[in-house]
Amino acid sequence: QLVLDARSRLKNFVVGVDLAGDEQRGDPQELAKHFQAAFADCLRITIHAGEGEPADNIWKSAYHLHADRIGHGLTLVDAPDLAARFRDRRICLELCPTSNHEVVGYGQGGKEYPLRPLMQLGVPLTLCTDNPGISRTTLADEYVLAGRVANLTQWEALALIKQGFLHAFLPADQRESMLKQIDREIYDKLIQEPL
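Below you will find a few notes about this structure.

Definitions and limits used
- Residues numbered from 1 in each chain as written.
- Predicted model: local features only at pLDDT ≥ 70, side-chain atom pairs only at ≥ 80, totals over all residues.
- Heavy atoms only, no water.
- Helix = DSSP H or I, 4+ residues; strand = E, 2+ residues; numbered from the N terminus.
- Polar contact = N/O pair within 3.5 Å; in protein donor to acceptor, adjacent residues only side chain to side chain.
- Contact = heavy atoms within 4.5 Å.
- Pairing = 2+ DSSP bridges.
- Right-handed = clockwise from strand over helix to strand, strands pointing away.
- Expected span 1.5 Å × (residues − 1).
- Buried < 20%, exposed > 50% of the residue type's maximum accessible area, 1.4 Å probe, protein only.
- Core = buried A, V, L, I, M, F, W, Y, C linked by side-chain atoms within 4.5 Å.
- Axes fitted to C-alpha atoms, helices over the stretch in contact; angles between N-to-C directions.
- Parallel < 35°, antiparallel > 145°, perpendicular 65-115°, else oblique.
- Left-handed = near helix turned anticlockwise from the far one by under 90°.
- Nonpolar A, V, L, I, M, F, W, Y, C, P; charged D, E, K, R; others polar.
- Phe/Tyr/Trp six-rings, centres within 6.5 Å; stacked < 30°, edge-to-face > 60°.
- Lys NZ or Arg CZ within 6 Å of the ring centre and 35° of its normal.

**Let's talk about the side chain of Ser135**
Within the fold, Ser135 resides in helix α7 (residues 132-135). Only 3.1 Å separates the side chain of Ser135 from the side chain of Glu102, close enough to count as a polar contact. Ignoring any residue separated from it by four or fewer positions in sequence, one finds Ser135 in contact with Thr98, Ser99 and Glu102.

**Points about the environment of Leu2**
Mapped onto the elements, Leu2 comes out in helix α1 (residues 2-9). Spatially, the C-alpha atom of Leu2 lies 22 Å from that of Ala168, the residues being 166 residues apart in sequence.

**Things to note about the pairing of strand β1 (residues 16-19)**
In terms of strand pairing, β1 meets strand β2 (residues 44-49) through 4 bridges, oriented parallel. Residue pairing for β2: Leu19 is matched across the bridge by Ile47. At this point the chain moves from β1, through helix α2 (residues 28-40), to the parallel β2, and the crossover so formed is right-handed.

**Side note on helix α9 (residues 154-166)**
Across its 13 residues, α9 extends 18 Å between first and last C-alpha, which sits within 8% of the 18 Å expected from 1.5 Å per residue. Burial in α9 covers these residues: Glu156, Leu160, Gly164 and Phe165. Residues of α9 that are buried make contact with β3 (69-72), α6 (115-120), β5 (125-127), α8 (139-150) and α10 (172-192).

**Details of the nonpolar core**
Core analysis: the biggest nonpolar cluster contains 39 residues, and Ile70, Leu76, Phe86, Leu93, Leu95, Leu115 and Leu125 have the highest contact counts within it. In terms of residue count, the dominant contributor to this core is helix α3 (residues 55-64) (4 residues).

**Concerning the packing of α9 against α10**
The relative placement of two packed helices is expressed as an angle between their axes plus a distance between the axes. Where α9 meets α10, the axes come as close as 9 Å, and the angle between the chain directions of the two elements is 160°. Taken together, the axis directions place α9 and α10 in an arrangement best described as roughly antiparallel. By crossing handedness, the relation of α9 to α10 is classed as right-handed. Contact with α9, carried on its side by Trp155, Leu158, Lys162, Phe165 and Leu166, involves Arg175, Met178, Leu179, Ile182, Asp183, Ile186 and Leu190 of α10 and no other residues of that element. Residues of the contact of α9 with α10, tallied by class, amount to 9 nonpolar, no polar and 3 charged.

**Quick notes on the packing of aromatic side chains**
Aromatic ring pairs: the centre-centre distance and the angle between the two ring planes describe each pair. Throughout the structure, instances matching the rule amount to 2 aromatic pairs. Centre to centre, the rings of Trp59 and Phe86 are 6.3 Å apart; their planes meet at 65°, and the pair counts as edge-to-face. Placement of Trp59 in helix α3 and of Phe86 in helix α4 (residues 80-89) is noted, with a sequence separation of 27 residues between them. For Trp59, a relative accessible area of 17% corresponds to the buried category. With a relative accessible area of 0%, Phe86 lands in the buried category. Directly above the ring of Phe169 sits Arg69, whose terminal nitrogen or CZ lies 5.7 Å from the centroid.

**Examining unusual backbone geometry**
Non-glycine residue Cys42 carries a positive phi angle of around 65°. Within the secondary structure, Cys42 sits in the loop between α2 and β2. Phi at Asn151 takes a positive value of approximately 55°, unusual for a residue other than glycine. Counting through the fold element by element, Asn151 comes out in the loop between α8 and α9. Residue classification places Asn151 among the exposed residues on the basis of a relative accessible area of 62%.

**Some thoughts on the sheet that holds β1**
Read across the open sheet, the 5 strands follow the order β1-β2-β3-β4-β5; overall the sheet is parallel. Strand pairing shows two members of the sheet lacking a second neighbour, β1 and β5, which therefore form its edges. Adjacent strand axes in the sheet meet at a mean angle of 25°, parallel and antiparallel pairs treated alike. Where β2 and β3 come together, 4 bridges link them in parallel fashion. Looking at the pairing, Ile47 lines up with Ile70 of β3. Along the sheet, α3 makes contact with β2 and β3, crossing β2 at roughly 165°.

Following this line, the structure appears as structure tokens:
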């Protein structure tokens, strides 16, 4: 309700709502009633799920809480059929390498970060900072870290950046305008200095 009140007071400022916290303490089905008003008001919804909990929790979050995007979603790699459903429904995962290293231990003890396997499954992905105040990171730092842990090429990094624009919580005409501008800038840059 706070988000809806803020949206009515601050026109064009609030475009979505995000739920984060301990996945073990909240069942998406139980939380659904609290999201009905936001869903009815067409707010975009991001739910943090699948950072440490099984892939089933990611689906419950998407289904019961009407998620447009999922923060983390790392365990989706363990459920290829569900990953295909996310791909087909264009539900984007926001991967947060620094947070995932700190919270779940990816990159420690041989635990491989699932960025590349998720890319291979065709799931829409982008990178985010999760909580830069806690993780002391920037979006640029997240791309550098992702590049290292997943051995990303420059083209793959650009593709992840473009996914962020494709799945931004903006009206379609604004997204389209931004995408055209970015494509033009990349094209101009490539003509000057090929990768």
